[in-house]
Amino acid sequence: MSIRRLPEKLVNRIAAGEVVERPAAALKELVENAIDAGATRIAVRIAEGGIARLEVEDDGCGMTAPDMALALERHATSKLPDDAIEDVTTLGFRGEALPSIASVARLTLESRVAGGDGWRRVVDNGAVVAEGPAALANGTRVVVEDLFARVPARRKFLRSARSEYAACLDVVKRLAMARPDVGFTVEHDGRRVLDVQSGQDQLSRVAALTQRDLAANSIGVDVDRGDVHMGGVISLPTYNRGIADHQYLFVNGRPVKDRLLVGALRGAYADLLARDRHPVVALFLDVPTGEVDVNVHPAKTEVRFRDPQLIRGMIVGGLRRALDEHGFRSVQRPAEAALAAWQQEPVAPAQTLFAAHLPYPHAPATHLFGADGDPATLALMRDRVVDFAPPRDALPMGRAEPATAQVPHADTYPLGIARGQIARTYIVAEAEDGLVIVDQHAAHERLVLEQLRRGMGGQAVPSQGLLLPEVVELDEPACDRLEAAAPQLAALGVELERFGPAAVMVRATPAMLGAIDCRKLVTDIADDLAGYDAALGLNEKLELVAATMACHGSVRAGRTLNVAEMNALLRTMEVTPHSGQCNHGRPTWVKLAMDDVEKLFGRK
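Every value quoted in this text rests on a predicted model; they were computed, and no experiment measured them.

## A closer look at the overall build of the chain
Secondary structure assignment for the chain yields 19 helices and 24 strands. For the chain, with 604 residues in total, the buried portion stands at 45%. For the chain, the computed accessible surface area is about 30600 Å², with 53% contributed by carbon and sulfur atoms.

As structure tokens, then:
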């Protein structure tokens, strides 16, 4: 077969396959054009998930009639003033979006510059079918109808209207998050689903586009390393989700989905979250244009860094420091659903309360305080009321211990002072600004882990020698892994040595773990060393092994603590990094504000 030059219409369709694979991709290109045009307000209207209709209207600089004709030609753009493509700072720059979209849909382009007249141009699947004057305010309006209507091979691969709408909304949210100085509205099938005003600060914009309570459960990030700056908002580890759909990453204002950045984010939260939980994150990287290539993907959703290790180290280190500075914080208050679950006990009428203790149970209630009541009966009634108490065998089982210490100042002791223990699992403390409930097992597990991590950092963990060394039999590969990791395990307080081909001898365990089952501990460590990803280095594996060891030695649910022990746990939590969440990302404590307590009792 001889080589031939493809016709322009087919070339545009091929380009559309690279740039416009679904309605959300077309919408992304149109909104990026609006942002690059200097718009301060962008209105998006979607019908049937964008398959039937997409409309983007902005108040940007607009275009003249000749510029509109040129914009619908391939590789025509105003965003590259010279040939230095590596220095591009705009979102769109390839000059393919409009002609590509117009080749597979009916596209109506209307625009007006300040002081000029509006103009309209209609292109139907690559052919210009109409143009002429248009009435509109300064700016541009683009309407895309019947996407892929004449390309059935592409249209049949589109998802349902609901799925396509979700993808369109996600695209707008990501672009809106990067530009809090621009207002955005989105309507779907005539219903407004998103409305954010221009001029918001970054945290408010991120919270408005994700979850409103993120603002109270997040940490600000601001890190500089050389010419690279990283800012943004990250959630507390206890404020997490089951899927990673609330992780927003931006490079020079451009939303990206980059494996390097996602991997660095996972590394920063490695021992703070369970593997199936994900933080809510919005990170903004500002990188010199010469240090990042944004032209490696047709849709510009991927980037390539000149020094990827610098970027990864900056993300992991910067997020770690931010999380360390807010170490004992947890989710600030219970969810509304949790508060609604509190049961309010119905108040019994006074008549019913006292009637059971009348000397004559069937006497009319009016004789209790009535004027015709017998004085002797009233005196007897007073005695009966004072002595009112349920039978001794109905008393709840529990313990009582005086806890009379004054409530400390919230700035100094934010977790307050211990007042008691519930179900031998939860510590109840009184703080200056509310009621604190602590999960003693989860909290102590985190404290033990942080102490083990300090041992890995050079501060050796005290170990306790066994009176009789214990031999643990394992298969040979497991013994090999333990033997290879023996020096690092010694820093964690576990001293062991090889004892034949299929056994190890344990000579000491971490003193902080107390009396533990050595066999189970060593078996779990061997399983962890074998089970984690082979790409992890030994030190990274030991970080995860430390979490397993911490679980073995922590205070168990069901153990009774005295007030002194409870207060010691609270004070240690206040000075320990990451003590607000356990090793699996669950909160170790929650606070019920005094306002919420008063609402439960109808005082507010």
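On we go from here.
## Some thoughts on the environment of Met68
Turning to its location among the elements, Met68 is positioned in helix H3 (residues 65–71). Given the relative accessible area of 0%, Met68 is considered buried. In this structure, the C-alpha to C-alpha distance between Met68 and Leu109, residues 41 residues apart in sequence, is 7.7 Å. In contact with Met68, other than residues within four places in its own chain, are Met63, Leu109, Glu110, Ser111, Trp119, Arg120 and Arg121.

## What about the sheet that holds strand E22 (residues 495–498)?
Read from one edge to the other, the open sheet built from three strands follows the order E21-E23-E22, with strand pairing classed as antiparallel. Two strands close off the open sheet at either side, each with one partner strand: strand E21 (463–473) and E22. For this sheet, the mean inter-axis angle between neighbouring strands, taken without regard to orientation, is 15°. Contacts from helix H14 (residues 476–484) reach E22 and strand E23 (503–510) within the one sheet, and its direction differs from that of E22 by about 130°.

## Observations regarding the packing of helix H6 (residues 161–178) against helix H7 (residues 202–209)
The contact between H6 and H7 brings their axes to 9 Å, and the two run at 170°. It follows from the interaxial angle that H6 and H7 lie roughly antiparallel. Between H6 and H7, the residues in contact are Lys173, Ala176 and Met177 and Arg205, Val206 and Leu209, respectively.

## Some words on the sheet that holds strand E1 (residues 41–47)
Taking strand neighbours across the sheet as the criterion, the eight strands line up as E5-E4-E3-E6-E2-E1-E7-E8 in an open arrangement whose pairing is mixed. The two strands at the open ends of the sheet, each matched to only one other strand, are strand E5 (127–133) and strand E8 (191–196). Shown here is a sheet whose adjacent strand axes are inclined to one another by a mean of 10°, direction ignored. Both strand E2 (residues 53–58) and strand E6 (residues 139–145) contribute to a ladder of six bridges, which runs antiparallel. By the bridge assignment for E6, Asp58 is matched with Thr140. Contacting E1, E2, E6 and strand E7 (183–188), helix H2 (residues 23–36) crosses the sheet at an angle of about 10° to E2. Contacts from H7 reach E7 and E8, with the element oriented near 160° to E8.

## So, H2
Across its 14 residues, H2 extends 20 Å between first and last C-alpha, which sits within 8% of the 20 Å expected from 1.5 Å per residue. Most of H2 sits inside the fold, with 12 of its 14 residues counted as buried. Restricting attention to buried positions, one finds in H2 the residues Pro23, Ala24, Ala25, Ala26, Leu27, Lys28, Glu29, Leu30, Val31, Glu32, Ala34 and Ile35.

## Examining the pattern of salt bridges
Here the structure, examined in full by the defined rule, presents 27 salt bridges. Glu110 serves as the salt-bridge partner of Arg120, at 3.4 Å between the closest nitrogen and oxygen. Separated by 10 residues along the polypeptide, Arg120 in strand E4 (residues 119–124) and Glu110 in strand E3 (residues 106–112) bring together distant segments of the chain. Taking the relative accessible area as the measure of exposure, Glu110 reaches 12% and is therefore buried.

## A look at unusual backbone geometry
If you check the backbone angles, Glu48 has positive phi at about 55° while not being a glycine. Within the secondary structure layout, Glu48 lies in the loop between E1 and E2. Despite not being glycine, Asn125 has its phi angle at roughly 50°, a positive value. Checked against the element boundaries, Asn125 lands in the loop between E4 and E5.

## Focus on the nonpolar core
Counting residues in each nonpolar core, the largest one holds 61 residues, and the members touching the most others are Leu27, Val31, Ile42, Val44, Leu107, Val144 and Phe184. It is H6 that provides the largest number of residues to this core, a total of 10 residues. Setting aside residues up to four positions removed in sequence, Val44 forms contacts with Leu27, Val31, Glu55, Val56, Val172, Thr185, Val186 and Glu187.

## Comments concerning the pairing of E2
Here is the key point about a regular strand: its side chains alternate between the two faces of the sheet. Within E2, five of the six residues are buried, which leaves the element mostly enclosed by the surrounding structure. Two strands pair when backbone bridges link them, and E1 and E2 are joined in this way by six bridges, in the antiparallel orientation. Bridge pairing in E2 links Ala47 to Arg53. The antiparallel hairpin formed by E1 and E2 contains five residues in its connecting segment, where Glu48 sits at a positive phi of about 55°.

## Some remarks on the environment of Ala71
Along the chain, Ala71 falls in helix H3. Residue Ala71 is classed as buried on the basis of its relative accessible area of 15%. In the structure, Ala71 is positioned 38 residues away from Leu109 in sequence and 10.0 Å away in space, judged by C-alpha atoms.

## Concerning the confidence of the model for the chain
Scored by pLDDT, the chain has a mean of 80; 76% of the residues are at 70 or more. Across the chain, the secondary-structure element scoring lowest on mean pLDDT is helix H11 (residues 350–355), at 42, and the one scoring highest is E1, at 97. Taken as a whole, residues 347–373 scores under 50 in pLDDT and shows 23 contacts with residues more than four places along the chain or in a different chain. Segment residues 394–400 is flagged for pLDDT under 50; beyond a separation of four residues in sequence, or across chains, it makes four contacts in the model.

## With respect to the side chain of Ser579
Relative to the elements of secondary structure, Ser579 occurs in the loop between helix H18 (563–574) and strand E24 (589–593). Look at Ser579 and you get buried, because its relative accessible area is 0%. Here Met573 takes part through its backbone oxygen, which lies 2.5 Å from a polar atom of the side chain of Ser579.

## Details of the packing of aromatic side chains
Any pair of aromatic rings gets described here by the distance separating the centres and the angle formed by the planes. Under the definition given, this model contains one aromatic pair. With a centroid separation of 4.6 Å and an interplanar angle of 5°, the aromatic rings of Phe250 and Phe284 are classed as stacked. With a gap of 34 residues between them, Phe250 in strand E12 (residues 247–251) and Phe284 in strand E15 (residues 281–286) connect regions that are remote in the sequence. Here Phe250 matches Phe284 in class, with each residue buried.

## Looking at the packing of H2 against H6
Running from N to C, H2 and H6 point in directions that differ by 25°, and their axes come no closer than 9 Å. Comparing their axes, H6 and H2 come out roughly parallel. At the point where H2 passes H6, the crossing takes the right-handed sense. When H2 is examined against H6, the residues Pro23, Ala24, Leu27, Lys28, Val31, Glu32 and Ile35 are found in contact with a partner set consisting of Glu164, Ala167, Cys168, Val171, Val172 and Leu175. Across the contact of H2 with H6, the residue classes break down as 10 nonpolar, no polar and three charged.

Reading the values: rules and limits
Residues numbered from 1 in each chain as written. Predicted model: local features only at pLDDT ≥ 70, side-chain atom pairs only at ≥ 80, totals over all residues. Heavy atoms only, no water. Helix = DSSP H or I, 4+ residues; strand = E, 2+ residues; numbered from the N terminus. Buried < 20%, exposed > 50% of the residue type's maximum accessible area, 1.4 Å probe, protein only. Areas by Shrake-Rupley, 256 points an atom, 1.4 Å probe, with all protein chains shown as cover. Contact = heavy atoms within 4.5 Å. Pairing = 2+ DSSP bridges. Axes fitted to C-alpha atoms, helices over the stretch in contact; angles between N-to-C directions. Parallel < 35°, antiparallel > 145°, perpendicular 65-115°, else oblique. Expected span 1.5 Å × (residues − 1). Salt bridge = Lys/Arg side-chain N within 4 Å of Asp/Glu carboxyl O. Core = buried A, V, L, I, M, F, W, Y, C linked by side-chain atoms within 4.5 Å. pLDDT = per-residue confidence, 0-100. Polar contact = N/O pair within 3.5 Å; in protein donor to acceptor, adjacent residues only side chain to side chain. Phe/Tyr/Trp six-rings, centres within 6.5 Å; stacked < 30°, edge-to-face > 60°. Left-handed = near helix turned anticlockwise from the far one by under 90°. Nonpolar A, V, L, I, M, F, W, Y, C, P; charged D, E, K, R; others polar.

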